[in-house]
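Topology and contacts: notes
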Amino acid sequence: MALPPPTENQPFCTVSALEAGYIYLNPAMFIENATSDIPQQCPSLSFLLQHSSNKKKLVFDLGIRKDWENSPPKIIKWIKTVYNVDVPQDVVESLEKGKLSPLDIDTVCLSHSHFDHSGHTAPFARSEFIVGGETRDLFADGFWPQNPDAAFPADLLPADRTRFLGDDVDWQSIGPFPRAYDFYGDGSLYIVDAPGHLSGHVNLLVRTNADGGWIYLAGDTAHHWNLLTGQSAIACGHPGHMHQTAHQDKALAEAMIKRVQELMKIPRVRVLLAHDSPWYEENKGGAAFFPGQFESL
């Protein structure tokens, strides 16, 4: 179950957290033994990765767009009735704090296409976009505004700059994960196929120094830490769900959570959730936020 050992002169990526808005999540929608049915403010985190050798810059997730009122009507309804949001600082403003603009970002990788992760893609006019191959399945009914009931805007993914990771990718087994893609080809960053939450959902496994430290960016593999500690099971049947649970496929989501639990047994691996309230409350405004970076384990 070990992760790949470092090579001589092993490249790695520094990782910085980016403020990308808040979403109000009801614990009872995500864990079955929740003690509260009141929505709680949670971060919708994004991350900047900078490669140690080639200096490429990748942003993982774009959080919530600041002008969310310009989202498709279906999204606006969700925000007003189920998932309230607040965006005092978006990804673009977070990058500016470290004197970067969206035009400096080589790659944007979206964990999935839900509105609180896909943000506003238009400012990233030079970036290549990376998404899971099954993301295409979400667009079978078309885009908004051509389809007024669609949840995804027509400009979500630029047609000429988007790569869907599918069977053309050399997937390999890494640690507990059966399908991971060595993005730079040097062991510094793996895009992990993370099924269950939504079609095309991916996570990132990032080597954070040359001698064995890692960060795992888990996206929405779990919305609450109790799911990873085993204190809670996935909640079912809440009226706010689009599906039976907060995940498109409960069985696949449970299997993915078990894989992350196995990963957590490996030394020097830090796991972060996209809506990681415990970590955020302890580290808000701290050294891990850009222009700072996470200290490698």
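Conventions used here
- Residues numbered from 1 in each chain as written.
- Predicted model: local features only at pLDDT ≥ 70, side-chain atom pairs only at ≥ 80, totals over all residues.
- Heavy atoms only, no water.
- UniProt positions renumbered as here; feature names shortened; annotations may be inferred.
- Helix = DSSP H or I, 4+ residues; strand = E, 2+ residues; numbered from the N terminus.
- Polar contact = N/O pair within 3.5 Å; in protein donor to acceptor, adjacent residues only side chain to side chain.
- Contact = heavy atoms within 4.5 Å.
- Disulfide = S-S within 2.5 Å.
- Buried < 20%, exposed > 50% of the residue type's maximum accessible area, 1.4 Å probe, protein only.
- Expected span 1.5 Å × (residues − 1).
- Arc of directions from axis to C-beta.
- Pairing = 2+ DSSP bridges.
- Axes fitted to C-alpha atoms, helices over the stretch in contact; angles between N-to-C directions.

Per an unreviewed UniProt entry, the protein carries the name Metallo-beta-lactamase domain-containing protein and comes from Leucocoprinus leucothites. The Cofactor (unreviewed entry) comment attached to the protein in UniProt states, word for word, "Zn(2+)". Under the UniProt heading Sequence similarities (unreviewed entry), the entry covering the protein gives this text: "Belongs to the metallo-beta-lactamase superfamily."

1. Topic: the UniProt feature "domain: Metallo-beta-lactamase" (unreviewed entry) in the protein
Mapped onto this numbering, the UniProt entry gives "domain: Metallo-beta-lactamase" (unreviewed entry) at residues 43-275. Overall, residues 43-275 shows 16% helix and 23% strand. The separation of its end C-alpha atoms is 5 Å.

2. Description of the side chain of Ser232
Looking at the secondary structure, you find Ser232 in the loop between α4 (225-229) and α5 (250-263). At 2.6 Å, the side chain of Ser232 forms a polar contact with the side chain of Asn33. Here Asn226 takes part through its side chain, which lies 3.1 Å from a polar atom of the side chain of Ser232. If sequence neighbours within four positions are ignored, Ser232 has contacts with Ile31, Asn33, Asn226 and Leu227.

3. Focus: the side chain of Thr14
The topology assignment puts Thr14 in strand β1 (residues 13-18). Sequence-distant contacts of Thr14, that is, excluding residues within four places in its chain, are made with Leu48, Leu49, Gln50 and Gln293.

4. Regarding the state of the cysteines
All told, the structure shown has zero disulfides when counted by the stated rule. You can see Cys42 has no disulfide; the closest cysteine sulfur is in Cys236, sitting 20 Å from it. Note on Cys42: relative accessible area 8%, which makes it buried.

5. Thoughts on α5
End to end, α5 covers 20 Å across 14 residues, agreeing with the expected 20 Å (1.5 Å per residue, within 8%). Here α5 has its buried residues at Ala253, Met256, Ile257, Val260 and Leu263. Projected down its long axis, α5 shows its buried positions confined to an angular sector of 110°, all on one face. Of the exposed residues in α5, those oriented more than 90 degrees away from the buried face are Ala251 and Lys258. Where α5 is buried, its residues contact β11 (177-182), β12 (189-193), β13 (202-207), β14 (214-217), α4 and β15 (269-272). The opening residue of α5 is Asp249, an N-cap whose side-chain oxygen sits 3.2 Å from the backbone nitrogen of Ala251.

6. Considerations on the pairing of strand β8 (residues 128-132)
Taking burial as the measure, the five residues of β8 include four buried ones, the bulk of the element. As judged from the three bridges shared by strand β7 (residues 107-109) and β8, these two strands associate in the parallel manner. Note on β8: the bridge partner recorded for Thr107 is Glu128. Two elements, β8 and strand β9 (residues 162-165), share four bridges in a ladder whose sense is parallel. Paired with Ile130 across the strands is Arg163, a residue of β9.

7. Examining the sheet that holds β9
Ordered by their spatial adjacency, six strands build an open sheet running β1-β4-β5-β7-β8-β9, and the pairing between neighbours is mixed. Edge positions in the sheet fall to β1 and β9, since each has one partner strand and no second. Direction aside, the axes of adjacent strands within the sheet are offset by 20° on average. Bridge analysis of strand β4 (residues 46-51) against strand β5 (residues 57-60) gives four bridges, and the strand direction is antiparallel. The residue of β5 that forms the bridge with Leu49 is Leu58.

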